[in-house]
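# Observations on the model geometry
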Amino acid sequence: EVQLQASGGGLVQAGGSLRLSCAVYGLTFGDYAVGWFRQAPGKEREGVSCITSRDGRAYYADSVKGRFTISRDNAKNTAYLQMNSLKPEDTAVYYCATEGYYCSGYGGHWGQGTLVTVSS
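Quick notes on the rules
Residues numbered from 1 in each chain as written. Predicted model: local features only at pLDDT ≥ 70, side-chain atom pairs only at ≥ 80, totals over all residues. Heavy atoms only, no water. Disulfide = S-S within 2.5 Å. Helix = DSSP H or I, 4+ residues; strand = E, 2+ residues; numbered from the N terminus. Buried < 20%, exposed > 50% of the residue type's maximum accessible area, 1.4 Å probe, protein only. Pairing = 2+ DSSP bridges. Axes fitted to C-alpha atoms, helices over the stretch in contact; angles between N-to-C directions. Phe/Tyr/Trp six-rings, centres within 6.5 Å; stacked < 30°, edge-to-face > 60°.

### Section: the state of the cysteines
The full count for this structure, using the stated rule, is 2 disulfides. Cys-22 shares a disulfide with Cys-96; S-S distance 2.1 Å. Taking the sign of the S-S torsion, about 75° here, the bridge from Cys-22 to Cys-96 comes out right-handed. Pair noted here: Cys-22 is in strand β3 (residues 18–25) and Cys-96 is in strand β9 (residues 92–98), with a separation of 74 residues, a long-range link. In this structure, Cys-22 and Cys-96 share a single accessibility class: buried. Between the sulfur atoms of Cys-50 and its disulfide mate Cys-103 the distance is 2.0 Å. The sign of the S-S torsion, about -90°, decides the handedness of the disulfide formed by Cys-50 and Cys-103: left-handed. In this pair, Cys-50 is assigned in strand β5 (residues 46–51) and Cys-103 in the loop between β9 and β10 (114–119), connecting sequence segments 53 residues apart. With a relative accessible area of 26%, Cys-103 lands in the partly exposed category. Cysteine pairing in the protein follows 1-3, 2-4, where each cysteine in a disulfide is numbered by its order in the sequence.

Rendered as structure tokens:
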């Protein structure tokens, strides 16, 4: 059974930092790209970042590039999203998802999400 558990969200002031984690169970983690998505209140879900399965190449939405860093530890079956210089507009529920071997922008298996709130 495949399961993804996102964690690490919380309340932070603008300019602060958080690190999100995504633990993956039930599949060969190293065969899958992992993406982070977010959905803000009243807005559609958007892709934030993705990291490929083999070489760890990273992709970022323009809105977070230079502030967020995605990484993965295949030995721990875990992906991370380091978020720095947070802005109020980053407030959202953040979800992690598998994306096949390469980053496509379309999630396969999804986690439950973790809430990030950035105060001004």
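### Examining the sheet that holds strand β2 (residues 11–13)
The mixed open sheet is built from 6 strands, whose spatial order is β2-β10-β9-β4-β5-β6. Where the open sheet ends on each side, the last strands, each with one partner, are β2 and β6 (58–60). With strand direction ignored, the average angle separating the axes of adjacent strands in the sheet is 25°. One ladder, built from 5 bridges, connects strand β4 (residues 34–39) with β5; its direction is antiparallel. From the neighbouring strand, Gly-35 faces β5, where its bridge partner is Cys-50.

### A closer look at the packing of aromatic side chains
Here the structure, examined in full by the defined rule, presents 2 aromatic pairs. Ring geometry for Phe-37 and Trp-110: centres 4.8 Å apart, planes at 45°, overall tilted. With a gap of 73 residues between them, Phe-37 in strand β4 and Trp-110 in the loop between β9 and β10 connect regions that are remote in the sequence. Take Phe-37: its relative accessible area is 2%, and that puts it in the buried class. Look at Tyr-95 and Trp-110: their rings are 6.5 Å apart centre to centre, the planes differ by 75°, and that puts the pair in the edge-to-face class.

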